[in-house]
Structure formats: structure tokens, C-alpha cells
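Tertiary structure, described
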Amino acid sequence: MIPIKSESELKIMRAACRIAATVLDELCKLVAPGVNTYDLDQTGRKLLDKFDARSACFGYRIGSKRFPAHTCLSVNDEIVHGIGILKRVLKEGDIVSVDVCVEFQGYIGDNARTVPVGEISADKQKLLSVTEASLKAAIDQARPGNRVGAISNSVERYIRPHGFGIIRDFVGHGVGKSMHEAPQIPNFGPRNRGELLRPGMTLAIEPMISLGRSKILMGDDGWTALTVDGSDAAHFEHTVLITSGEPEILTIPGLPG
Ligand code: MF3
Ligand code: CO
């Protein structure tokens, strides 16, 4: 069952998502050659503190391991869940995926974006713009009457002509009181699959795309997911509310209130 949020829950969701988007924006602005990922992560922590929010990633448990950083910072062939506190200096030509997942008053806002470090190659630039456009196409399917598969299928159809790799081991998800709620939202698959979308559902839609193969590899740190062929990967994510009309992107930056 996919949770339906009440108006009072949505009020808090909107605030949580606005904070998540604001922090993501601020961190992306700081990305530049010479910046290190530890400092970015610490800045994220401080900004969240300022908004009376906390990282939903920090301490996130899978089995017995706990995620040790406040944001996910994934560089080049790292796809998702890169550990920002592992100090690493960003260099010209890199791409970095910044994922900010926030808890505010018991509700979660989740968003991510891949940004260039200085000047990047035309290939990398194309990867970023195509992945972002696939997210836009997917969000446009987030309407009542469609099934979850309409979102999945639109990413696949958008990406396929470009020949890029669709990461299949990670999926978008419902989001609200917890970071991962029903449904799972793969970035591929038939349009008529999955539950019907209804107003009040809040979904984190997040295509993860590589310039090469789809296959992943887990890093030695137990968290970071990398492309098996070393190709660059991009990740764009928004938290979206299904309404009776147009999809409402909740992760839009703004001042609290
Ligand atoms: N946005 C990420 C997700 O949906 C946040 C993961 S936090 C981590 O999976 F702790 F799992 F790394
Ligand atoms: Co997510």
C-alpha cells in the first residue's frame, strides 16, 4: 500500500523538501576544483542544523552498518551513496552527484543532482543533461490514472536512444515518514506495471544513468556503488507530490516558512 498524505502531513513534507532543496542548492554552488568532499559534507551538516533539520542519511542502517556521512557525494564512476566524509579533493573535469536527504519534524525530503567541477568533457555534459531531462519526463508521468510503471517506462524510453546504461540495482521510492516507503520505482519496465497513482502520494523519482554499462560494483567502504566498467554516472532526484492535476515538485529551494 502506498501511503496517502493528509494536508497537515503535506505541510511538513513541503517544509522538509524545501530544506532539502535549499541545502542541495547551496552545496552545489560550492562545488569547484580544489574543494574537498569532507568540507562539503560538513557544510551540509551545518546548514541542516540551521534549519532545525537533520540528515536522514547519517546513521541510516542497512543490516549492521550505518551510513557515516550527512550527505552522499559520489564522484565520476561512483553512482550513489558515496561517503562525503572520506576527504577527497575535487578536480577540474570531475562530476559529482550530491544527494541530500533530510528529516524535518518527522518527515523526509529527498533530492539529488550531478554537477560539473569546472569545465567538463562534452560526453559528461551530455550525460548530465540527458539524465536531468529523463527525470523531467518521468515527473510528467506522475499523475493520477497512471501506474508507477509509467514513471519507470518514461525514463527507459528517454534514455534508450542515447545508448546510456540504466542502473537497475537502485530504484526511486515512496517517501514520507520514512526515507523508503512503497512503492519501489525502477527506472525501466513496462508502463502498465505497478499500483495506480493517486493524489496525496509523495514519490522520490531518481534516474541513475551511466555512460557505459548498467552493471554496478560495491566499493570497499560497503556503501559506495560504482559502475563496473569505470564509466561516469549521473543521478538526478526530486520528491514529487501526485495531485489531481499537474505533478508538484516539492524539492524546490526556498526560505523556511
Ligand atoms: N537518496 C538516497 C536514497 O534514496 C539516500 C540514501 S542515504 C544512505 O537511497 F544512507 F543510504 F546512503
Ligand atoms: Co532517494
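The following refers to the structure shown. (Residues numbered from 1 in each chain as written. Chains lettered and ligands numbered in written order. Predicted model: local features only at pLDDT ≥ 70, side-chain atom pairs only at ≥ 80, totals over all residues. Heavy atoms only, no water.)

**Let's talk about the packing of helix α1 (residues 7–30) against helix α2 (residues 37–50)**
- Direction vectors running N to C along α1 and α2 enclose 145 degrees, while the axes themselves pass 10 Å from each other. As for how α1 packs across α2, the hand of that crossing is right-handed. Along its contact with α1, which presents Ile-19, Val-23, Glu-26, Leu-27 and Leu-30, the element α2 presents Leu-40, Thr-43, Gly-44, Leu-47 and Leu-48. (Axes fitted to C-alpha atoms, helices over the stretch in contact; angles between N-to-C directions. Helix = DSSP H or I, 4+ residues; strand = E, 2+ residues; numbered from the N terminus. Left-handed = near helix turned anticlockwise from the far one by under 90°. Contact = heavy atoms within 4.5 Å.)

**Things to note about helix α3 (residues 122–139)**
- For α3, spanning 18 residues, the distance from its first C-alpha to its last is 26 Å, which sits close to the expected 26 Å at 1.5 Å a residue.
- Along α3, the residues that are buried comprise Lys-124, Leu-127, Leu-128, Val-130, Thr-131, Ser-134, Leu-135, Ala-138 and Ile-139. (Expected span 1.5 Å × (residues − 1). Buried < 20%, exposed > 50% of the residue type's maximum accessible area, 1.4 Å probe, protein only.)

**Here we look at the sheet that holds strand β12 (residues 208–210)**
- Sheet architecture is open: three strands sit in the order β8-β12-β15, paired in antiparallel fashion. Here the strands that pair on one side only, and so sit at the sheet edges, are β8 (165–166) and β15 (233–235).
- Here three bridges tie β12 to β15, and the two strands are oriented antiparallel to one another. Bridged to Met-208 within β15 is His-235.
- Relative to the sheet, α3 contacts β12 and β15, its axis offset from that of β15 by approximately 35 degrees. (Pairing = 2+ DSSP bridges.)

**Observations regarding the coordination of the cobalt ion (ligand 2)**
- Surrounding the cobalt ion (ligand 2) are the protein donor atoms Asp-110 (OD), His-173 (NE2), Glu-206 (OE) and Glu-237 (OE), at 2.1 to 2.4 Å.
- The sequence motif formed by the donor residues of the cobalt ion (ligand 2) is D-x62-H-x32-E-x30-E. Here Glu-206 is found in the loop between β11 (202–205) and β12, whereas its partner Glu-237 is found in the loop between β15 and β16 (238–241), with 31 residues between them in sequence. The exposure classification of Glu-206 matches that of Glu-237, with both residues buried. (Donors = N, O, S within 2.8 Å, 3.2 Å for Na, K, Ca; no water.)

**Comments concerning the site of ligand 1**
- The environment of ligand 1 is formed by 13 residues, the closest being Cys-57, Asp-99, Asp-110, His-173 and His-180.
- Here a nitrogen atom of ligand 1 and a side-chain polar atom of Asp-99 are 2.8 Å apart.
- Taking Glu-206, its side chain carries an N or O atom lying 3.4 Å from an oxygen atom of ligand 1.
- Contact with the protein chains hides 97% of the accessible area of ligand 1, taken as 340 Å² for the molecule alone.
- Considered class by class, the residues forming the shell around ligand 1 number six nonpolar, three polar and four charged. (Near = heavy atom within 4 Å. Polar contact = N/O pair within 3.5 Å; in protein donor to acceptor, adjacent residues only side chain to side chain. Areas by Shrake-Rupley, 256 points an atom, 1.4 Å probe, with all protein chains shown as cover. Nonpolar A, V, L, I, M, F, W, Y, C, P; charged D, E, K, R; others polar.)

**Describing the sheet that holds β11**
- Within the open sheet, the five strands sit side by side as β10-β9-β11-β16-β17. Their pairing is antiparallel. Every other strand in the sheet has two partners, leaving β10 (181–185) and β17 (248–249) as the edge strands with one partner each.
- Direction of pairing for strand β9 (residues 172–174) relative to β10: antiparallel, over a ladder of three bridges. Across the sheet, residue Gly-174 finds its bridge partner in β10, namely Glu-181.
- Strand contacts of helix α4 (residues 148–159): β10 and β11, with the helix running at about 35 degrees to β10, the strand carrying the most contacts.

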